[in-house]
Amino acid sequence: MWGHFVKTILTVLLAAATISAAHAQSLPGGFVYLRDIVPGIIQDIRYATANNFVGRPLAGYNAGECVVKREVGLRLKAVQQELAAQDLSLKMFDCYRPARASLDMVKWSQNGHESAAERRYNPKIPKTELFRLGYIASRSQHSTGAALDLTLVDLKADNSAKYDPSRAYADCTAPVEARAPEGSVDMGTGYDCTDAKGHTAAPAITSEQRIWRRRLVAAMARQGFVNYSKEWWHFSLPGAGGAAYDFPIQPRRN
């Protein structure tokens, strides 16, 4: 009788553990969903959408979620806390990137044609040259979980304008009123703009745009992040990376 009771209890516990494991969130190598650490950071993971230079979701982006190494997430939390006191917020465009997505970019660059929508992101440079010139990497630091693409949002401003895929926007170097809206401060170019104007220290931007860029770089630098000089939006945390990963980004369960 007693043995049967114990066996029944163990069976129930095992079943519960199996169900729990099936619903558990599983990320390898110390990765976390940024929402679990800093839910207030705005996310617009562009490679999970058609609103990017390829014009479709990239391989491995099964959800628009920012995934990072835990240390990176904790430092972003500190940046966000500093910015919140100034009515500002970070906005994430890309975080961990599956290695297969970088290979997807390589295939895109070699497909032999460029649409008008693609030219919005690289108005002066043929896409076959983007890798050679260092704008895109076939092996990206993003795949280690230590690199990020981001910008600033002024929480006091009207950020309601949304991207409309049916509209013919001006290229990424055009004035903010003419290019695709991003719901963020005007940094002088759009995100992923492969142009000299997108270089962090580019001279061909206004003084106000330069102030915003410096403000973003300084806030990130206070937490150890380093900016990539050819992209005002790209930052990495030295020492936080390691091996590249290729697990797909899945929806986060609440």
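Residues numbered from 1 in each chain as written. Predicted model: local features only at pLDDT ≥ 70, side-chain atom pairs only at ≥ 80, totals over all residues. Heavy atoms only, no water.

Engineer: Tell me about the pattern of salt bridges, and please be specific about residues and values.
Structural biologist: Summed over the entire model, instances satisfying the criterion amount to 14 salt bridges. We note a salt bridge from D36 to R252, for which the minimum N-O separation is 2.7 Å. Of this pair, D36 sits in helix 2 (residues 34-37) while R252 sits in the segment after strand 7 (231-236), and the two are 216 residues apart along the sequence. According to the relative accessible area criterion, D36 is partly exposed, its value standing at 48%. (Salt bridge = Lys/Arg side-chain N within 4 Å of Asp/Glu carboxyl O. Helix = DSSP H or I, 4+ residues; strand = E, 2+ residues; numbered from the N terminus. Buried < 20%, exposed > 50% of the residue type's maximum accessible area, 1.4 Å probe, protein only.)

Engineer: Please set out the state of the cysteines residue by residue, giving values where relevant.
Structural biologist: Inspection of the entire model under this criterion finds 2 disulfides. Covalently, C66 is tied to C95 through a disulfide, its sulfur atoms 2.0 Å apart. Sign of the S-S torsion, about -100 degrees for the bond between C66 and C95, identifies this disulfide as left-handed. Within this pair, whereas C66 is found in the loop between strand 2 (42-43) and strand 3 (67-69), its partner C95 is found in the loop between strand 4 (88-94) and helix 4 (99-109), the two being separated by 29 residues in sequence. The burial state of C66 is the same as that of C95; both residues are buried. Disulfide pairing places C172 opposite C193 at an S-S distance of 2.1 Å. With the S-S dihedral at roughly 65 degrees, the linkage between C172 and C193 falls on the right-handed side. Residue C172 is located in the loop between strand 5 (147-154) and helix 6 (207-221), and its partner C193 is located in the loop between strand 5 and helix 6; the two are separated by 21 residues in the primary sequence. The buried category is assigned to C172, whose relative accessible area is 6%. In the protein, the cysteines engaged in disulfides, taken in order along the sequence, are linked 1-2, 3-4. (Disulfide = S-S within 2.5 Å.)

Engineer: I'd love a proper account of the nonpolar core, names of residues and values included.
Structural biologist: With 56 residues, the main nonpolar core has L76, L90, M92, L148, L150, L216 and M220 as its most contacted residues. Aside from chain neighbours lying at most four places away, what touches L150 is L76, L90, K91, M92, F93, L216, M220, W232, W233 and F235. (Core = buried A, V, L, I, M, F, W, Y, C linked by side-chain atoms within 4.5 Å. Contact = heavy atoms within 4.5 Å.)

Engineer: Hey, could you go over unusual backbone geometry for me, with residue numbers and the actual values?
Structural biologist: Generally, phi is negative for residues other than glycine and the peptide bonds are trans, each holding for most cases. Positive phi, normally seen in glycine, also occurs at D87, with a value near 60 degrees. The topology assignment puts D87 in the loop between helix 3 (70-84) and strand 4. Note on D87: relative accessible area 37%, which makes it partly exposed. Residue D192 is not a glycine yet carries a positive backbone phi of 65 degrees. Counting through the fold element by element, D192 comes out in the loop between strand 5 and helix 6.

Engineer: I'd love a proper account of the side chain of K127, names of residues and values included.
Structural biologist: Turning to its location among the elements, K127 is positioned in the loop between helix 5 (116-119) and strand 5. For K127, a relative accessible area of 2% corresponds to the buried category. Here the side chain of K127 touches N111 through a polar contact of 2.7 Å, side chain to side chain. Apart from the residues within four sequence positions on either side, K127 is in contact with W108, S109, N111, H113, E114, E118 and N122. (Polar contact = N/O pair within 3.5 Å; in protein donor to acceptor, adjacent residues only side chain to side chain.)

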